[in-house]
Amino acid sequence: MKLRVLLPERVAVDAQVAKVTAEAENGAFCLLPRHIDFVAALVPGLLAFEDEAGNETLWAVDQGVLVKCGDEVLVSTPRAIGGRALGELQQAVEEQFKVLDERQDRARSALKKIEADFVNRLVDLEHSIHG
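Residues numbered from 1 in each chain as written. Predicted model: local features only at pLDDT ≥ 70, side-chain atom pairs only at ≥ 80, totals over all residues. Heavy atoms only, no water.

**A short note on the overall build of the protein**
Definition in use: For helices the rule is a DSSP run of H or I covering at least 4 residues; for strands it is a run of E covering at least 2, with both sets numbered from the N terminus onward. Here's how the labels work: a residue is buried when its accessible area is under 20% of the maximum for its type, exposed when over 50%, partly exposed in between, all with a 1.4 Å probe on protein chains only. Surface exposure here means Shrake-Rupley accessible area, sampled with a 1.4 Å probe, where a residue is shielded only by the protein chains that are shown.
From N to C terminus, the protein includes one helix and 10 strands. Along the chain direction, N to C, the helices and strands of the protein fall in the order β-β-β-β-β-β-β-β-β-β-α. Burial analysis of the protein (131 residues in total) assigns 28% to the buried set. Surface exposure of the protein reaches about 8700 Å², of which carbon and sulfur atoms provide 54%.

What follows is the structure, given as structure tokens:
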């Protein structure tokens, strides 16, 4: 079956695979080529797949959606890291996701400041109108 892992900026994986294993809220699951069509909301975790020779590849994904339709499996996720041994993968995930989380925290902080400034200006405007 054909596996494609889609990130916002690129296609991370485009490969023929014999087996796909992923994690959803209710636990891990495995898809084989003759599996029925399937949709799952993925939780942050491992996406593993094997090629026809049995070689396993691991990717860490940060939530997403998996759709199996016919002979194709599509995984759409905002973040993914792959192609490394499990220990290296864990370290890379921690480092990259920590940087991204710090950026998100800064963005949230900036948004809160903008919202507070907007509310203050709105209050000042109302005071100037109503004296």
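**Quick word on the packing of aromatic side chains**
What counts is decided by this rule: Pairing of aromatic rings covers Phe, Tyr and Trp, the last counted by its six-membered ring, and requires centre-to-centre distances within 6.5 Å; plane angles under 30 degrees mean stacked, over 60 mean edge-to-face, and any other angle means tilted.
In this structure the tally under the stated criterion is one aromatic pair. Taken together, a centroid distance of 5.0 Å and an interplanar angle of 50° make the contact between Phe-29 and Phe-38 tilted. Relative accessible area serves as the criterion here: at 14%, Phe-29 is assigned to the buried category.

**Brief notes about empty space enclosed by the protein**
What counts is decided by this rule: Buriedness for pockets is judged along seven lines, at least five of which must meet protein on both sides within 12 Å for an open set on the 1 Å grid over protein atoms alone, while cavities are sets there where a 1.4 Å probe fits but cannot get out, and lining residues have an atom within 4 Å of a point. Grid points are joined across faces, edges and corners, and a volume is the space filled by probe spheres set on the points. Put simply, Ala, Val, Leu, Ile, Met, Phe, Trp, Tyr, Cys and Pro go in the nonpolar bin, Asp, Glu, Lys and Arg in the charged bin, and everything else, Gly too, in the polar bin.
In this structure the tally under the stated criterion is one cavity of 30 Å³ or more. What lines the largest cavity is Ala-22, Glu-23, Leu-42, Val-43, Gly-45, Leu-46, Leu-47 and Val-61. Going through the elements one at a time, β3 (19-24) and β6 (45-50) are the ones with two or more residues in the lining of the largest cavity. With three residues, the single largest contributor to the lining of the largest cavity is β6. Grouping the constituent residues of the lining of the largest cavity by class yields six nonpolar, one polar and one charged.

**As for the nonpolar core**
For clarity, the threshold we go by: Residue types Ala, Val, Leu, Ile, Met, Phe, Trp, Tyr and Cys, when buried and joined through side-chain atoms within 4.5 Å, form a set referred to as a nonpolar core. Contacts between residues were defined by any pair of non-hydrogen atoms, one from each residue, lying within 4.5 Å.
Grouped together as the largest cluster of nonpolar side chains are 22 residues, with contacts concentrated most on Leu-3, Val-20, Phe-29, Leu-47, Leu-66 and Val-75. Looking at this core, the elements that each hand over two or more residues are β1 (2-6), β2 (11-16), β3, β4 (27-31), β5 (38-42), β6, β7 (56-61) and β9 (72-76). Broken down by element, the residue count for this core peaks at three residues, all from β3. The residues touching Leu-3, leaving out its near neighbours within four places in the chain, are Val-13, Asp-14, Ala-15, Val-17, Val-20, Phe-49, Val-73 and Val-75.

**What to know about unusual backbone geometry**
Phi angles above zero are rare outside glycine, and Gln-63 is one such case at about 45°. For Gln-63, the position within the fold is in the loop between β7 and β8 (64-69). Judged by relative accessible area, which is 43%, Gln-63 ranks as partly exposed.

**Notes on the pattern of salt bridges**
The cut-off we apply is this: We define a salt bridge as a contact between a side-chain nitrogen of Lys or Arg and a carboxyl oxygen of Asp or Glu at a distance within 4 Å.
Counting across every chain of the model gives five salt bridges. In this structure, the salt-bridge partner of Asp-14 is Lys-2, at a minimum N-O distance of 2.8 Å. Remark: Lys-2 occurs in strand β1 and Asp-14 occurs in strand β2; sequence separation between them is 12 residues. Taking relative accessible area as the criterion, Lys-2 reaches 29% and is therefore assigned partly exposed.

Don't take any of this as a statement about function, it's just geometry.
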